[in-house]
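Close look at the chain arrangement
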Amino acid sequence: MSERSGSRWGIPVALTIAGSDSGGGAGIQADLKTFQALGVYGTSAITAITAQNTLGVRAVQEVSPDVVVAQIDAVADDLGVDGAKTGMLSSAAVVEAVAGAVRRWGLDRVLVVDPVMVAKSGDRLLREDAVQALRERLLPLAAVVTPNVPEAEVLAGRALSGEEDLRRAAVEIAALGPRAVVMKGGHLAGDPVDLLFDGQRFHRFPGRRVPTRSTHGTGCTFSAAIAARLALGDDVVAAVGAAKAYLAGALERARSIGHGHGPVAHDWQLERRRLANGGGA
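From a predicted model like this one, the values you see are computed outputs, not experimental measurements. (Residues numbered from 1 in each chain as written. Predicted model: local features only at pLDDT ≥ 70, side-chain atom pairs only at ≥ 80, totals over all residues. Heavy atoms only, no water.)

Our focus in this paragraph is the overall build of the protein. Along the backbone of the protein there are 9 helices and 9 strands. For the protein, the C-alpha radius of gyration of 17 Å lies close to 19 Å, the compact-globule estimate for 281 residues. Across the 281 residues in the protein, those meeting the buried criterion constitute 54%. Across the protein, the fraction of contacts at a sequence separation of at least 24, relative to all contacts at a separation of at least 6, is 68%. Entry remark: accessible area of the protein is about 11800 Å², with carbon and sulfur atoms responsible for 52%. Taken as two groups, the 30 positive and 30 negative side-chain charges of the protein have centres that lie 5 Å from each other. (Helix = DSSP H or I, 4+ residues; strand = E, 2+ residues; numbered from the N terminus. Rg over C-alpha atoms; globule rule 2.2 N^0.38 Å. Buried < 20%, exposed > 50% of the residue type's maximum accessible area, 1.4 Å probe, protein only. Contact = heavy atoms within 4.5 Å. Areas by Shrake-Rupley, 256 points an atom, 1.4 Å probe, with all protein chains shown as cover. Lys, Arg positive; Asp, Glu negative; His and termini not counted. Charge placed at Lys NZ, Arg CZ, Asp CG, Glu CD.)

If you want it as structure tokens, here you go:
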């Protein structure tokens, strides 16, 4: 691990290892916007290029595992990494390569794994052969893993319904190696409740369902916010609480952009601070 760290630069450094979303609502674009909003310096390692908008994914070009690792190495060697997250990893080869880089640079202490499998439009973003690699190689390195209900069903190997099911699945997923598991409850009926299992006890984070179609990139944004808060020094419980509050505000203030599932308002805290300062730049 490099002796350099983001604290030397006067601002923590966060790294996103994920796919690019040309529509700007998810992937590294959402992650970098979130990092900026939460006061950390954002860096990226692109795993795939997608031609994508609010309606769906039109094309995907994967980046070679060697180039993915070279990006991670370039950031970690020069800037240091205080918080990191993974998103779209696409193939088993990329998962394996990323896991190797995470171990080499000691990023497991601050790694948030968002097990991205399917886009909001329903387009598949993770190959079948990559699921096992994710389960066996990357999850054991995660400080936090953040599955939604469909992703948790894949990881747990069964259908899930209701909070008690999520609790049991969280314990099972934690047994795969991550030090904490956040089960996102947005796919269940009623107001969304997220459950954090820290290996010993559960922490419950209730929320209010926001009536909006602008939900593209919510998972990316949530996991990026956790990574940013870890980079800022929060423990996992505080990081998850802060990330949920940030995402709730971004959903409540989401603008209508595009003809499908639009993006959330990543800049809402920046805008609030601007207005508090009298509207100046």
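Turning our eyes to something else, we now look at the pattern of salt bridges. One pass over the structure, following the stated rule, counts 13 salt bridges. Between Asp73 and Arg104 there is a salt bridge whose closest N-O contact spans 2.6 Å. Note that Asp73 is positioned in helix H2 (residues 65-78) and Arg104 in helix H3 (residues 92-105), a separation of 31 residues in sequence. Given a relative accessible area of 22%, Asp73 falls into the partly exposed group. (Salt bridge = Lys/Arg side-chain N within 4 Å of Asp/Glu carboxyl O.)

This part takes up the packing of H2 against H3. Taken N-terminus to C-terminus, the directions of H2 and H3 make an angle of 20 degrees; their axes are 9 Å apart at the nearest point. In terms of orientation, H2 lies roughly parallel with respect to H3. Where H2 crosses over H3, the two elements pack in a sense that is right-handed. Between H2 and H3, the residues in contact are Pro65, Val68, Val69, Ile72, Asp73, Ala76 and Asp77 and Ala93, Val94, Ala97, Val98, Ala101, Arg104 and Trp105, respectively. The class makeup of the residues in the contact of H2 with H3 is 11 nonpolar, no polar and 3 charged. (Axes fitted to C-alpha atoms, helices over the stretch in contact; angles between N-to-C directions. Parallel < 35°, antiparallel > 145°, perpendicular 65-115°, else oblique. Left-handed = near helix turned anticlockwise from the far one by under 90°. Nonpolar A, V, L, I, M, F, W, Y, C, P; charged D, E, K, R; others polar.)

Attention shifts here to the side chain of Thr34. Along the polypeptide, Thr34 turns up in helix H1 (residues 27-37). Classification of Thr34 by relative accessible area gives buried; the value is 0%. Separated by 2.9 Å, the side chain of Thr34 and the backbone oxygen of Ala30 make a polar contact. (Polar contact = N/O pair within 3.5 Å; in protein donor to acceptor, adjacent residues only side chain to side chain.)

Turning our eyes to something else, we now look at unusual backbone geometry. Within the chain, Ser90 stands out as a residue other than glycine whose phi angle is a positive 70 degrees. Look at Ser90 and you get buried, because its relative accessible area is 5%.

So, on to the nonpolar core. Ranked by size, the top nonpolar core spans 48 residues in total, and within it Leu15, Ile72, Val98, Leu138 and Met183 carry the most contacts. Sequence-distant contacts of Ile72, defined by excluding residues within four places in its chain, comprise Leu15, Ile17, Ala45, Val98, Ala101, Trp105 and Leu107. Counting residues in each nonpolar core, the second largest holds 31 residues, with Ala14, Ala180, Val210 and Ala228 among its members. (Core = buried A, V, L, I, M, F, W, Y, C linked by side-chain atoms within 4.5 Å.)

Glancing now at the pairing of strand E2 (residues 41-52). Pairing of strand E1 (residues 13-21) with E2, which is carried by 8 bridges, proceeds in the parallel orientation. For Val13, the partnering residue across the bridge sits in E2 and is Tyr41. Considered for its hand, the β-α-β crossover made up of E1, H1 and E2 is right-handed. In this sheet, strand E3 (residues 57-62) lies alongside E2 in antiparallel orientation, the contact comprising 5 bridges. When the bridges of E3 are listed, Ala48 appears paired with Glu62. (Pairing = 2+ DSSP bridges. Right-handed = clockwise from strand over helix to strand, strands pointing away.)

With their axes 10 Å apart at the nearest point, helix H5 (residues 149-156) and helix H6 (residues 163-174) run at an angle of 55 degrees to one another. Taken as axis vectors, H5 and H6 run oblique relative to one another. Once H5 is placed against H6, the crossing between them reads as left-handed. Note on element contacts: H6 touches H5 through Leu166, Ala169, Glu172 and Ile173, opposite Val149, Ala152, Leu155 and Ala156. By residue class, the composition of the contact of H5 with H6 is 7 nonpolar, no polar and 1 charged.

Looking now at the environment of Pro140. Looking at where Pro140 falls in the secondary structure, it is placed in the loop between helix H4 (128-138) and strand E6 (144-145). For Pro140, a relative accessible area of 33% corresponds to the partly exposed category. Distance from Pro140 to Leu55, taken between C-alpha atoms, is 34 Å for residues 85 residues apart in sequence. Excluding residues within four positions of it along the chain, Pro140 makes contact with Arg135, Leu176, Gly177 and Pro178.

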